[in-house]
Amino acid sequence: MKPRSSKTGETVIDHLLYRLSGLGVNHLFGVAGDYNLPVLDRVLAHPKVKWIGTASELGAAYAADGYGRTRGFGALLTTSGVGELSAINGVAGSYAERVPLLHIVVGPTQASERAGLVVHHTMGDADFDRFARAHRQVVCADAVLRPGNALAEIDRVLAACLNESRPGYLRVPRDVALATVRSHRPPPLPREWAADPGSLEAFRAAARARLAAADTVVVLADFLVDRFKARSELAGLLRAGAFSHAVLATGKTVVDESAPGFLGLYAGAMSEKRVRLAVDKADLLIRAGVLLADMTTGKFTHRFDPAAGIDLGPTTATVEGATFPDVPLAAALGVLTDLVSDLAMAPAGARRREPAAPVHRVPALPATAPGRVLAHGPRLYRSLRPLTQSSLWEAVGNAIRPGHTVVTDDGTSLFGIADRRFPRGARFIAQPMWASIGYSLPALLGAQLADPSRRGVLIIGDGAAQLTAPELGTISRYRLKPIVILVNNHGYTIERITHGLRAEYNDVARWRWGKVPAALGVSHPLVLKVRSPAALDRALARAAATPHRLVLIEAATGRYDVPPALKRLALNRPDRARWVA
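For the structure given in this document, a descriptive report is provided here. The model shown is predicted, which means the values in this text are computed figures rather than measured ones. (Residues numbered from 1 in each chain as written. Predicted model: local features only at pLDDT ≥ 70, side-chain atom pairs only at ≥ 80, totals over all residues. Heavy atoms only, no water.)

### Some words on the pairing of strand 10 (residues 244-247)
- On strand 10, burial covers both faces: Ser244 and Ala246 on one face and His245 and Val247 on the other are all buried.
- Here four bridges tie strand 9 (residues 217-221) to strand 10, and the two strands are oriented parallel to one another. Across the sheet, the residue bridging to valine 219 is histidine 245, located in strand 10.
- In this structure, strand 10 lies alongside strand 11 (residues 262-265), joined through three bridges in parallel fashion. Note that in strand 11 the partner of histidine 245 across the bridge is phenylalanine 262. (Buried < 20%, exposed > 50% of the residue type's maximum accessible area, 1.4 Å probe, protein only. Helix = DSSP H or I, 4+ residues; strand = E, 2+ residues; numbered from the N terminus. Pairing = 2+ DSSP bridges.)

Here you go:
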């Protein structure tokens, strides 16, 4: 490598962009800063990777996360110090929720480092690695690129991101980013989730015995199925066994929710009774890619034994507590599918499985008339009564279409919509593990750029939206036309019901949301405010019929009203019963 800048030859940043484009990354999110400006010139000149300038580095990190969940990998580029620290919260969320992406940080030149210069965006102590050390807590691999190691370190970090399905970090002095390289166009980076043959066969034997002895079998699926590329293998198992199955909120839409065996959302005491009984009482519970957390189990109110049954993690499987390492999730699901098919051919009684639970579907209404009521009396009633959380989520759930990508924020928005059964083909993105409010709005930006063929539906509360609202302008700048459903309940309702029902710290400023899109530069938005079920029906119909405009539906609900799932949790926890209306 020649440690000199070049305007014509291939540079380190060119090679890095080549590697990213090979992973399906065609958009790079970030904010311009003086350290990275010459590097961004190379990005703008790249034929496959487009620069997406966001309102903040935090928004860039959230957008890269949404992109990574949709496309399989994401990337952001920031300036050092102030830029990377603004983004670190979003990167930490990607680490917690196993989203592979790369954070590229461009900083002062090597000459500035060697001279120990006191330059801006530093602590003034010539410690240029301070924030790289901070990132080591929230990434799976990191490197500081130098002239002699740049290409090898890029591949090492990217490979770790792929194999662990987590973010990586590269600190790149500006002169190194612009240094010319002799790139040999290496082959694509492989994902290395190889199974140990002996461990796999031992798992097969243990799983065969447990399946053969089971009276009832239920499958519980979660988000790691998606992150470790095992969706098709899970679908194969469910087809082979016709098992009843449920998902956690983090794993919503990893299975076909229109299938006859789909029970619904499992969330401990927040679950519908039939879902909870089926999962908690199953003789054999197969957990695929499940990570039990407080937000997804109703504050750990699940009643099945996590040490029992068959548990399939990213690279390790267990059967009744016996551990089988180096058994990747997809391979383990394939083994179970083979076993179920074999056992189905055995004599009657050798294998018993849980019959599919009856599915009570709410028919999807036409896109032009969600919630349509024919009788004059009911229509008048829906016009007069106030909008409740229950009626809000019923109407919004019925309006979801197969071509929608639904992105929701934490809180009542998550627990309201996650309960609803989505049509086959719809996608769902949320962040209940890291639970950083405001995440969903920039994540929608990333998800829509990753797959522009789908229309985004953003569901966010007024409190969360205030954190990242400026990215609405970014969404419009790149000509995206989502439907935004803003739930205005005057503050942090999810916090009110947790503690401080009427406390001042759960209040937020009252924005004039109808004026926000235009103020942020959104071109010709359709802004609607609804206070009744009938008005919501009409607004959702207009939104569906207006794909060429960004639509903001401000849905006003009661300050203390909560979705049905949270009411179910309260009924099962007497200490929370005081806030159930």
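Here the narrative resumes.
### Digging into the sheet that holds strand 5 (residues 101-107)
- Pairing is parallel across the open sheet formed by six strands, whose spatial order is 3-2-4-5-7-6. If you trace the sheet from one side to the other, it starts and ends with strand 3 (50-53) and strand 6 (141-144), each paired once. Pairs of neighbouring strands in the sheet enclose a mean axial angle of 20°, with direction left out of account.
- Note that strand 6 and strand 7 (residues 168-173) share four bridges and pair parallel. Opposite alanine 143, over in strand 7, you have leucine 170 as the bridge partner.
- Sitting on the sheet, helix 4 (residues 82-96) touches strand 4 (74-79), strand 5 and strand 7, and the angle it makes with strand 4 is about 155°.
- Contacts from helix 7 (residues 150-164) reach strand 5, strand 6 and strand 7 within the one sheet, and its direction differs from that of strand 6 by about 165°. (Axes fitted to C-alpha atoms, helices over the stretch in contact; angles between N-to-C directions. Contact = heavy atoms within 4.5 Å.)

### What to know about empty space enclosed by the protein
- Under the criterion given, the structure shown has four cavities of 30 Å³ or more.
- Considered as a void within the structure, the largest cavity measures approximately 90 Å³ in volume.
- Here the lining of the largest cavity is built from residues that sort into four nonpolar, four polar and four charged. (1 Å grid on protein atoms, 1.4 Å probe; cavity = no way out; pocket = protein on both sides within 12 Å on 5 of 7 lines; lining within 4 Å. Points joined across faces, edges and corners; volume = space filled by probe spheres on them. Nonpolar A, V, L, I, M, F, W, Y, C, P; charged D, E, K, R; others polar.)

### Looking at the layout of surface pockets
- Here the largest pocket defines a volume of roughly 800 Å³.
- Taken together, 36 residues form the lining of the largest pocket, with Arg231, Thr253, Val254, Val255 and Asp256 sitting closest to its centre.
- At the level of elements, helix 3 (57-71), helix 10 (224-227), helix 11 (231-241) and strand 17 (427-429) are the ones that each hand at least two residues to the lining of the largest pocket.
- Tallied by class, the residues present in the lining of the largest pocket amount to 19 nonpolar, seven polar and ten charged.

### Here's the deal with the environment of proline 190
- Within the fold, proline 190 resides in the loop between strand 8 (179-180) and helix 9 (197-213).
- A sequence separation of 28 residues divides proline 190 from leucine 162, and the C-alpha atoms of the two residues are 8.0 Å apart.
- If near-sequence neighbours (up to four positions away) are discounted, proline 190 is found in contact with Leu162 and Asn163.

### A closer look at the side chain of threonine 468
- Looking at where threonine 468 falls in the secondary structure, it is placed in helix 18 (residues 462-468).
- Residue class for threonine 468 comes out buried when judged on its relative accessible area of 6%.
- Side-chain polar atoms of threonine 468 contact the backbone oxygen of glycine 438, separated by 2.7 Å.
- Ignoring sequence-local partners within four residues, the contact set of threonine 468 consists of Tyr62, Gly438, Leu441 and Pro442. (Polar contact = N/O pair within 3.5 Å; in protein donor to acceptor, adjacent residues only side chain to side chain.)

### Quick notes on the sheet that holds strand 20 (residues 526-530)
- Across the sheet, which stays open at both edges, the six strands sit in the order 17-16-18-19-21-20 with parallel pairing between neighbours. Looking at the sheet topology across the chains shown, the edges are occupied by strand 17 and strand 20. Across the sheet, the mean angle from the axis of one strand to that of its neighbour is 15°, orientation sign disregarded.
- Sheet topology note: the strand 19 (residues 483-488)/strand 21 (residues 551-556) ladder contains six bridges and is parallel. Residue pairing in the sheet places isoleucine 483 in a bridge with valine 551 of strand 21.
- Contacting strand 16 (404-408), strand 17 and strand 18 (455-461), helix 17 (residues 440-450) runs over the sheet at an angle of about 175° to strand 18.
- On top of the sheet, helix 22 (residues 533-544) reaches strand 18, strand 19, strand 20 and strand 21; it is set at about 165° to strand 20, its chief contact.

What is shown is where atoms sit, not what they do.
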